[in-house]
Amino acid sequence: MRIITADTYEEMSKKAAAIVCSQVILKPDCVLGLATGDTPLGMYKELIKMYENREVDFSDVTIFNLDEYCKLSRESTQSYYYYMHHNFFKHINVKKKNTHIPNGMAKNIDEECRRYEQKIKEKGGIDLQVLGIGANGHIGFNEPDINFEAETHLVELDEITIEDNSRFFSSRDDVPTTAISMGIKTIMQSRKLLLLANGEAKAAAIYKTVKGKICPEVPSSIIQLHPDATMIIEKNAAKLLYPSAEQ
Ligand code: PGA
């Protein structure tokens, strides 16, 4: 596990964008796994700038997103479909047919999970997966559990996640309680992982991810076993890793 600390959110975002950009330059038809949430917004802004400056071309890139809420239409401004189109896809030249987000409105969710997993396999797997992290250590929507869920699956969202994500909805009761998420095996099979974290609220989760026991109660701890994982951690999120640096 490679750990890069950044002094600011901007520095974290620029470094992350540079890594994604290098991946696309090295392999123009690569498969990227992308994440939603507040954390990667700065990275998307940087990538859009790089695209506008003709430093990167997404025309042959395929994208799979980590997760999507169930029972929220794609048009809803809280859906991850909306988030990705609004914050990234519509600003770059990725082809719509090459962007994939689980369909949380599917009638048969199990079938949708199988279809999504199969599609990733057909594309040859993910070259670089970007991850945020929940305050509870979730990656994608793989919540703390007694087992690691392997493949794309239906998730019951954790109370902490519902609380954390309620800031995006008009009330806590509007937050969906279920979602579709890539599983831990899907994520771990990606050739490279890039986890981003900023802010003190993530410090405990980052500490457990890096130094804790590998266990499904802290889903992100599994990253310790990945052969090519990079974490870019803004200094407030890294504060428990290097406590002496704080004094
Ligand atoms: P955040 O969410 O980037 O909005 O903090 C991260 C996550 O829950 O994975």
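How each quantity is defined
Residues numbered from 1 in each chain as written. Predicted model: local features only at pLDDT ≥ 70, side-chain atom pairs only at ≥ 80, totals over all residues. Heavy atoms only, no water. Near = heavy atom within 4 Å. Polar contact = N/O pair within 3.5 Å; in protein donor to acceptor, adjacent residues only side chain to side chain. Areas by Shrake-Rupley, 256 points an atom, 1.4 Å probe, with all protein chains shown as cover. Nonpolar A, V, L, I, M, F, W, Y, C, P; charged D, E, K, R; others polar. Pairing = 2+ DSSP bridges. Helix = DSSP H or I, 4+ residues; strand = E, 2+ residues; numbered from the N terminus.

K.L.:
Any chance you could explain the site of the ligand here in plain terms?
P.N.:
In the vicinity of the ligand, the residues found are Gly-37, Asp-38, Thr-39, Gly-132, Ile-133, Gly-134, His-138, Arg-167 and Lys-202. With respect to the ligand, the backbone of Asp-38 contributes an N or O atom lying 2.9 Å from an oxygen atom. Notes on the ligand: free accessible area 280 Å², of which the protein chains cover 84%. Within the shell around the ligand, the residues separate by chemical class into one nonpolar, five polar and three charged.

K.L.:
Please clarify how the sheet that holds strand β3 (residues 62-65) should be interpreted in this entry.
P.N.:
Within a sheet, each strand pairs with its neighbour through backbone hydrogen bonds, oriented either parallel or antiparallel. Across the sheet, seven strands lie side by side as β1-β10-β9-β6-β2-β3-β5; this open sheet has parallel pairing. Looking at strand neighbours, the two that pair on one side only are β1 (2-6) and β5 (99-100), the edges of this open sheet. Examined bridge by bridge, β1 and strand β10 (residues 229-234) share five bridges and lie parallel to one another. Along β10, the bridge assignment pairs Ala-6 with Glu-234.

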